[in-house]
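One letter stands for each residue in the lines below.
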Amino acid sequence: MGKVEAPQFFLGIDFGTSGARAAVIDAKQELIWQEKAQFPQVPGPQLPTVWRQSLFSLLEQIPTELRSQIQAIAIDGTSSTVLLLDGQGKVLMEPLLYNDDRGREVKHLLSAMAPADHLVQSATSSLAKLLWYGQQSEFQQARYFCHQADWLASLLHGGRPISDYHNALKLGYDPETLTYPDWLKNAPWFSLLPPVTIPGTAIASLSSSVVNSYKFPPTCQVCSGTTDSIAAFLASGATQPGEAVTSLGSTLVLKLLSAKPVTDLASGVYSHRLGNLWLTGGASNAGGAVLQHFFSLEQLRELSPKIDPHQPSGLDYYPLLQPGERFPINDPNLLPRLEPRPGDDVTFLQGLLEGLTRIEARGYAKLQALGATPLTKVLTAGGGAENLIWQTIRQNLLQVPVQKSIQSEAAYGSACLARSGIVTAGFS
Ligand code: ADP
């Protein structure tokens, strides 16, 4: 009789802006179980308690027989959401969230410290937030500075927070040389910074208290994590240079795997390392929010099939809700172009979808012009991925295969990270 292998499962947990999700996959990357926890609205200082409770409540909800066979766990969090801890791991001040820009108060400190054209020069970077914490009296008791994902993982393994080169990018970590640069190493508070690993590296076993309380296998590994948007990209299964994921949500977000990193900070373009490849991209202010301004979801579903995608409308829209664009055109005064409005709604909707598609095509062309690998295939995520007529319009203009992503949940992407890590997942 052949030996029957015990099944192996992998857990990914996504901490987004409004809630957390957990996903369990098997060794073949099949989704086995998922659950979500909505965050209650609480003042900033209570957020760590809410995040901790959400984490442990999700663990508790995993069916016992699955939980007892989970081999590895990875957590993603919102990029540049950071915490300051004392030596016992106690949170010293309210976390600073991804979009918190009080770092503008320490712009002078940033410019004195980091190179002028560096990603960390933004008021919302992790480094700007660390410098802001540095001005508060609690900073004297600080022992650790870390990202949301690092902190949540430390609650599982019980050791000091460990980061990954995705979360640490906006802290100033150099993913090319895999080191912190000298201008950070020379700072008096450098010892507060987390060690940085390749995302998905097994960093420690689960703490014995978590193993005993939740009946995980004692060998279960906690892996370093990633950011929520990279986890969503990992969910798509794209692994080759030239493969991209377009997110058709409220805004239009492009992500392209490239053999080379590219940067154009004025347009919000930069690159994250993924094994031996680079993940680059940009976000337009245009997107599904414009469609929803003019049409209900029901109307979008009803009118779209009436469009003939092979007969262009002849309209030349740039669908913005207000003036200002960053990518692919960097112009804070760019005006929306939504005239003339034809008499029938089907043609108007077609004009909007074509306008958004031209922005998508121009975005990928811009990334290529900056030196990224040319586009070979587009996977689609977000609400607009449901629209098959739009998919045809996009394929006609982009001239590469366009498909819906089978998986686009960040929790699923983090589970894949727990299963194979970045390097063994084929990004090389
Ligand atoms: P968010 O970025 O807010 O998370 P979602 O990924 O949920 O957004 O996508 C919501 C967007 O998807 C809406 O703005 C809407 O315009 C778009 N959308 C939903 N259904 C359709 C459809 N059938 N055709 C085109 N767009 C759609």
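Given the structure is predicted, the values throughout are model-derived calculations rather than measurements.

(A) Broad picture of the overall build of the chain. When its secondary structure is counted, the chain shows 13 helices and 17 strands. For 428 residues, the compact-globule formula gives about 22 Å, and the C-alpha radius of gyration of the chain, at 22 Å, lands near that figure. Dimensions of the chain along its principal axes, counting C-alpha atoms only, are 70 × 65 × 40 Å. A total of about 18500 Å² of accessible surface is found on the chain, and carbon and sulfur atoms cover 50% of it.

(B) Fine view of helix 4 (residues 126-133). Most of helix 4 sits inside the fold, with eight of its eight residues counted as buried. Every buried residue of helix 4 is listed here: Ser126, Leu127, Ala128, Lys129, Leu130, Leu131, Trp132 and Tyr133. Residues of helix 4 that are buried make contact with strand 5 (82-85), helix 3 (107-113), strand 6 (144-147) and helix 6 (182-185).

(C) Representation of the UniProt feature "domain: Carbohydrate kinase FGGY C-terminal" (unreviewed entry) in the chain. Sites flagged by UniProt as "domain: Carbohydrate kinase FGGY C-terminal" (unreviewed entry) map to residues 245-418. In this annotation, residues 245-418 is assigned 34% helix and 18% strand; the end-to-end C-alpha distance for the span is 21 Å.

(D) Spatial organisation of the packing of aromatic side chains. Enumeration according to the criterion identifies nine aromatic pairs in this entry. Residues tryptophan 132 and tyrosine 133 carry aromatic rings whose centres are separated by 6.1 Å and whose planes lie at 55 degrees to one another, so their mutual orientation is tilted. No difference in accessibility class separates tryptophan 132 from tyrosine 133, as the two residues are buried. Note on tyrosine 133 and phenylalanine 145: the rings are 6.3 Å apart at their centroids and 75 degrees apart in plane angle, and the pair reads as edge-to-face. With tyrosine 133 in helix 4 and phenylalanine 145 in strand 6, this pair connects stretches of sequence that are twelve residues apart. The pair tyrosine 133 / phenylalanine 145 is uniform in exposure class, with both members buried. The residue whose ring lies beneath arginine 102 is tryptophan 132, and the NZ or CZ to ring-centre distance is 4.8 Å.

(E) Quick look at the site of the ligand. Surveying the vicinity of the ligand reveals 14 residues, the closest of which are Ser250, Gly288, Gln292, Gly383 and Asn387. Within the contact set of the ligand, an oxygen atom lies 2.5 Å away from a side-chain nitrogen or oxygen of serine 250. The side chain of asparagine 387 places a nitrogen or oxygen atom 3.0 Å from a nitrogen atom of the ligand. In the complex, 69% of the free accessible area of the ligand, which totals 580 Å², lies under the protein chains. Of all elements in the fold, only helix 9 (288-294) and helix 10 (297-303) reach the threshold of two or more residues within the shell around the ligand. No other element matches the four residues that helix 9 contributes to the shell around the ligand.

(F) Main features of helix 8 (residues 228-235). For helix 8, the set of buried residues is Ile230, Ala231, Phe233, Leu234 and Ala235. Once helix 8 ends, the next one or two residues include glycine 237, with phi positive near 85 degrees.

(G) Spatial organisation of the UniProt feature "domain: Carbohydrate kinase FGGY N-terminal" (unreviewed entry) in the chain. Residues annotated by UniProt as "domain: Carbohydrate kinase FGGY N-terminal" (unreviewed entry) correspond here to residues 10-233. Measuring from the first to the last C-alpha atom of residues 10-233 gives 18 Å, for a span that is 27% helix and 23% strand.

(H) Layout of the state of the cysteines. Counted by the stated rule, this structure contains zero disulfides. Cysteine 223 takes part in no disulfide bond, and the closest cysteine sulfur, belonging to cysteine 220, lies 8.1 Å away. Assessed through its relative accessible area of 4%, cysteine 223 is described here as buried. For the unlinked cysteine cysteine 416, the closest cysteine sulfur is that of cysteine 223, found at 12 Å. By relative accessible area, cysteine 416 is classed as buried at 8%.

(I) Region of the structure containing the environment of leucine 370. You can see leucine 370 is positioned in the loop between helix 11 (345-369) and strand 16 (377-381). Exposure remark for leucine 370: the relative accessible area of 32% places this residue in the partly exposed category. Contact partners of leucine 370, with chain neighbours within four places excluded, come to Val262, Thr263, Asp264 and Val269.

The rules behind these values
- Residues numbered from 1 in each chain as written.
- Predicted model: local features only at pLDDT ≥ 70, side-chain atom pairs only at ≥ 80, totals over all residues.
- Heavy atoms only, no water.
- Helix = DSSP H or I, 4+ residues; strand = E, 2+ residues; numbered from the N terminus.
- Rg over C-alpha atoms; globule rule 2.2 N^0.38 Å.
- Areas by Shrake-Rupley, 256 points an atom, 1.4 Å probe, with all protein chains shown as cover.
- Buried < 20%, exposed > 50% of the residue type's maximum accessible area, 1.4 Å probe, protein only.
- Contact = heavy atoms within 4.5 Å.
- UniProt positions renumbered as here; feature names shortened; annotations may be inferred.
- Phe/Tyr/Trp six-rings, centres within 6.5 Å; stacked < 30°, edge-to-face > 60°.
- Lys NZ or Arg CZ within 6 Å of the ring centre and 35° of its normal.
- Near = heavy atom within 4 Å.
- Polar contact = N/O pair within 3.5 Å; in protein donor to acceptor, adjacent residues only side chain to side chain.
- Disulfide = S-S within 2.5 Å.

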